[in-house]
Amino acid sequence: MAAPRLSGTQCIAMDSNSQSNYKLSKTEKKFLRKQIKARHTLLRHEGIETVSYATQSLVVANGGLGNGVSRNQLLPVLEKYGLVDALLMPPHKPYSFVRYRTAEEAKKAYVTLNGKEIVDDLGQKIILYLNFVEKAQWKELGLQALPPGLMVVEEIISSEDEKMLLESINWTEDIENQNVQKSLKHRRVKHFGYEFHYENNNVDKDMPLPGGLPGICDSLLEKWLKEGFIKHKPDQLTINQYEPGHGIPAHIDTHSAFEDEIVSLSLGSEIVMDFKHPDGVTVPVMLPRRSLLVMTGESRYLWTHGITPRKFDTVQASKGPQSGIITSDVGDLTLSKRGMRTSFTFRKVRQTPCNCSYPLVCDSQMKETPPSFPESAREASQLEQDYVHRVYEEIAEHFSSTRHTPWPRVVEFLKSLPCGSLVADVGCGNGKYLGVNKELYMIGCDRSQKLVDICRERCFQALVCDALAVPLCSGSCDACISIAVIHHFSTAERRVAALQELVRLLRPGGQALVYVWAMEQEYNKKKSKYLRENRISQGKEEGTSSDTAMPELLVEQVPNVGSRDSECCVSSVTDLPEGGHKARTVTNAKLPVHTNRTSFPSQDLLVPWHHQGNPGEGKPGHPAGAHDPGPVFHRYYHVFCEGELEAACQTLNSVSILQSYYDQGNWCVILQKV
């Protein structure tokens, strides 16, 4: 049921908080509350300031590409009330801007459309909330180029060839062999030449599959070789059939497994594939139906490529060449519903080690092998020394430059403390919380000398110490905070010891706030900002960036515009003390290296930190537009499953849990010493 609409005079007068003798019904009051909530959300999360008087421009909350409303759907609705000069639809945002020719037309739309119910392309009902703005503004992204070495060839085959290829796949042939299909939840896969093993992203070079590549591919490959689109004849083929709305995690095909050239033929439906550089640049590339994607050089070896699970892709609304970069022109974006897509990905198996120009990310050239999960206290301490303490000492300056705004709920906790409270920030980093509340006496400590030096340069009290042995008297603190620290301890015993150290510092009645990174980066059907964010935000506080995340809908409903299944796979974890959260123990396991901005494959892993910048630019022989990778450091993390942090706290002496909550990709507790 649509919300009731008030007269224009009532709407504008009440928006400006003016007095009125008009008595609102309960339903009208509810509508106004939601409209005001939308206005506040826009200001808080997006910096969009609304006004209480009529202008030519309106912001339409819930009418955005980010929640499944397309340009073709919204524009006709808006045009009923006047001549639309512009409709700006920012990518992945749950709102849009409309500019009418006159303020009178905008006022008519404001009065008539506020609270209007529309149905999106998924058949879900969405209520629009409109507010006036002075100007319809959107910060345009800079012009982007395709990743170096990437090429997309449109209409590489005819529609007849496409039909023939699709009909040639016998999906029932290997129905009894469920090994691969079980591991791939929303797509069917067939391998030819060599089987691709997803558990290690490699092939067994000594175990070729009988029959080689399908004969139907021979003429196509010969043609592509002759026309210069490919340089090597492939000997491995993976066919993937994707259900609409599903995708594949961001990844780089293993350097040592395949030669430089990787090509993929898209059949059945177009798709947008995201390419991400280690420095954070993301380039969405349209792969039209019957197009050939060719990855060589930097695009093959350095950039990750993946397909985000979602029902719709943001695409260009105007006609023209279909392939290439999806631009940031918000006046020319709409949604395209995904269909069933089949890809033929051809590779040539490498028989010699890779000697590419990217040794820091090349498994053939890496000097270090990933460490194993620690089996003793000594090994745990050494792991943390090598993959936590040493790393933060190396990246301290860069890390500090990426950490500015305190997280809102941490600020709320600090501002709730009585004036004059003595507060310890254990694992203070660059000290961004030390100056939040000037009425407190705060002291920070961190294992990194360089981060402590940065705190001191900012005139904060800070010292170097281990979080397991803080050199402050027992019972001396009114409160403690530990933000994004305890997940760096590599055994359950050490994590509990770090919590107990916080309790030791507290006086009776004192409180501690603890944040740890969560395994569940999708919670209550909402993705954390870590998964949603286009750019790769790197740093110690991975679960939440410096800004609070924007909800998919500004008010009310959250349609399923591409949710990702989330599972908590407990692995590589030792048991907590009796009564704690039980987890399986894995021995002699190499720690996996996580791919940024994807769901976690396990609880214990190494998270890359990529130094940003382009140090090669301007050097002789450096190709224009190319990106040189900076050093890559790996940091150890244990990501916590739901209930695990609470269970660890319940093993502590003299403690009660006052509050436990989930905050944008983190599990959080507030403890009190009793």
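This text goes with the structure placed above it.
Throughout what follows, the structure given in this document is the object of discussion. (Residues numbered from 1 in each chain as written. Predicted model: local features only at pLDDT ≥ 70, side-chain atom pairs only at ≥ 80, totals over all residues. Heavy atoms only, no water.)

### What about the packing of helix α9 (residues 377-401) against helix α11 (residues 449-457)?
Stated formally: The convention used is that axes are lines fitted to C-alpha atoms, helices contributing only their stretch in contact, and that angles between N-to-C directions extend from 0 to 180 degrees. The numbering of helices and of strands both runs from the N terminus, where a helix is a DSSP run of H or I of at least 4 residues and a strand a run of E of at least 2. We call two residues in contact whenever any of their non-hydrogen atoms come within 4.5 Å of each other.
Packing of α9 against α11 leaves a shortest axis separation of 7 Å and a crossing angle of 35°. Two secondary-structure elements touch here, α9 through Glu393, Ala396, Glu397, Phe399 and Ser400 and α11 through Gln449, Lys450, Leu451 and Ile454.

### Quick notes on helix α7 (residues 218-226)
The criterion, for reference: Remark: exposure states derive from per-residue accessible area (1.4 Å probe, protein chains only) relative to the maximum for the residue type, with buried under 20%, exposed over 50%, and partly exposed in between. In this context, the arc is that of the directions from the helix axis out to the C-beta atoms.
Within the span of α7, buried status applies to Leu220, Leu221 and Trp224. The arc that holds every buried residue of α7, seen down its axis, measures 95°, which confines them to one face. Turned more than 90 degrees from where α7 packs its buried face, Ser219 and Lys226 sit exposed. Turning to α7, the residues buried within the fold contact α5 (159-168), β14 (258-267), β17 (292-295) and β22 (341-349). Remark: glycine 228 follows α7 within two positions and exhibits a positive phi of approximately 85°.

### Describing the sheet that holds β22
Stated precisely, the cut-off is as follows: Two strands pair if DSSP finds at least two bridges between them.
What the six strands build is an open sheet, ordered β8-β17-β14-β22-β12-β9; its pairing is antiparallel. Here the strands that pair on one side only, and so sit at the sheet edges, are β8 (150-153) and β9 (187-192). Neighbour-to-neighbour, the strand axes of this sheet turn through a mean angle of 15°, independent of strand direction. Pairing of β14 with β22, which is carried by seven bridges, proceeds in the antiparallel orientation.

### Concerning the sheet that holds strand β2 (residues 57-61)
By definition, the strands of a sheet pair up through backbone hydrogen bonds, in either a parallel or an antiparallel sense. With antiparallel pairing, the five strands of this open sheet are ordered in space as β1-β7-β2-β4-β3. The sheet is open, and its two borders are formed by β1 (50-51) and β3 (84-88), each paired with just one other strand. By the bridge criterion, five bridges tie β2 to strand β7 (residues 129-133) in an arrangement that is antiparallel. Residue pairing for β7: leucine 58 is matched across the bridge by phenylalanine 132.

### Description of the pairing of β7
In terms of burial, β7 is largely enclosed, as five of its five residues are buried. Here β7 shows two buried faces, one formed by Tyr129, Asn131 and Val133 and the other by Leu130 and Phe132. Both β1 and β7 contribute to a ladder of two bridges, which runs antiparallel. Across the sheet, residue threonine 50 finds its bridge partner in β7, namely valine 133.

### Side note on unusual backbone geometry
One non-glycine residue, asparagine 62, lies in positive phi territory at about 75°. Residues other than glycine seldom take positive phi values, yet cysteine 459 does so here, at roughly 65°. Secondary-structure assignment places cysteine 459 in the loop between α11 and β25 (462-464).

### Remarks on the nonpolar core
As a reminder, the rule being used: Only buried Ala, Val, Leu, Ile, Met, Phe, Trp, Tyr and Cys residues count toward a nonpolar core, and they belong to the same one when joined by side-chain atoms within 4.5 Å.
Ranked by internal contacts, the top residues of the largest apolar core, which has 30 residues, are Val426, Cys480, Ile486, Leu499, Val514 and Leu645. Broken down by secondary-structure element, the contributors of at least two residues to this core are β23 (422-426), β26 (477-483), α12 (492-505), β27 (506-517), α14 (644-650) and β33 (666-673). Here this core takes six residues from α12, the largest share from any one element. Residues contacting valine 514, with those up to four places away along its chain left out, are Ser482, Ile486, Leu499, Leu502, Leu645, Trp667, Cys668 and Val669. Core analysis: the second largest hydrophobic core is formed by 27 residues, Tyr81, Val98, Ile126 and Phe312 among them.

### What to know about the pattern of salt bridges
Formally: In the sections that follow, a salt bridge refers to a side-chain nitrogen of Lys or Arg positioned within 4 Å of a carboxyl oxygen of Asp or Glu.
Following the criterion strictly, the structure yields eleven salt bridges and no others. The salt bridge partner of lysine 233 is glutamate 222, with a shortest N-O separation of 3.2 Å. Taken together, the positions of lysine 233 in the loop between α7 and β12 (236-242) and glutamate 222 in helix α7 put the pair eleven residues apart, joining distant regions of the chain. Using a relative accessible area of 43% as the deciding quantity, one classes glutamate 222 as partly exposed. Between arginine 347 and aspartate 253 there is a salt bridge, and its shortest N-O distance comes to 2.9 Å. Residue arginine 347 is found in strand β22, and its partner aspartate 253 is found in the loop between β13 (248-251) and β14; the two are separated by 94 residues along the sequence. With respect to burial, arginine 347 and aspartate 253 carry one shared label: buried. A network of salt bridges, in which partner residues are shared, links Glu155, Glu162, Arg289 and Arg290.

### A short note on the packing of aromatic side chains
Defined as follows: Stacked, tilted and edge-to-face pairs are distinguished by plane angle, under 30 degrees for stacked and over 60 for edge-to-face with tilted covering the rest, among Phe, Tyr and Trp rings (Trp via its six-membered ring) whose centres lie within 6.5 Å.
All told, the structure shown has 14 aromatic pairs when counted by the stated rule. Relative to phenylalanine 399, the ring of tyrosine 392 lies with its centre 5.6 Å away and its plane at 75°, an arrangement referred to as edge-to-face. The exposure class assigned to tyrosine 392 is buried, which follows from its relative accessible area of 3%. Seen in terms of ring centroids, phenylalanine 399 and tryptophan 609 are 6.2 Å apart; in terms of plane orientation they differ by 55°. Their pairing is tilted. Residue phenylalanine 399 is found in helix α9, and its partner tryptophan 609 is found in strand β30 (residues 604-610); the two are separated by 210 residues along the sequence. A single burial state applies to phenylalanine 399 and to tryptophan 609, both of which are buried.

### Thoughts on helix α10 (residues 408-415)
Of all the residues in α10, the buried ones are Val410, Val411, Phe413 and Leu414. For α10, the angular spread of buried residues about the axis comes to 160°, placing them on one side. With respect to the buried face of α10, the exposed residues turned more than 90 degrees away are Glu412 and Lys415. Buried residues belonging to α10 abut β23, β24 (441-446), β26, β27 and β33.

### Examining a positive patch on the surface
Quick note on the threshold: Put simply, a patch holds well-exposed residues, over 30% relative accessible area, that have no salt bridge, with like charges counted together within 9 Å and Val, Leu, Ile, Met, Phe, Trp or Tyr side chains within 5 Å. Where accessible areas are quoted, they stem from the Shrake-Rupley method and a 1.4 Å probe; at the residue level, only the protein chains shown are allowed to cover. Here the positive residues are Lys and Arg and the negative ones are Asp and Glu; neither His nor the chain ends is included. Note that the charge is assigned to NZ on lysines, CZ on arginines, CG on aspartates and CD on glutamates.
Together, Lys23, Lys26, Lys29, Lys30 and Arg33 line one region of the surface with positive charge. Looking at the element boundaries, arginine 33 is found in helix α2 (residues 26-46). Owing to a relative accessible area of 55%, arginine 33 belongs among the exposed residues under this scheme.

### Thoughts on the side chain of lysine 673
Our working rule: Each polar contact in these results corresponds to two N or O atoms within 3.5 Å; when the atoms are within protein, one needs to be able to donate a hydrogen and the other to accept it, and residues that are neighboring in sequence are counted only if both atoms are side-chain atoms.
Among the secondary structure elements, lysine 673 is positioned in strand β33. With no salt bridge to any partner, buried lysine 673 finds its closest opposite charge in glutamate 501, at an N-O distance of 9.8 Å. A distance of 2.8 Å separates a polar atom in the side chain of lysine 673 from the backbone oxygen of leucine 506. Those residues in contact with lysine 673 that lie beyond four places of it in its chain are Val503, Arg504, Leu506, Arg507, Pro508, Gly509, Gly510 and Ser654.

It is worth stressing that arrangement in space is one thing and function is another; only the former is reported here.
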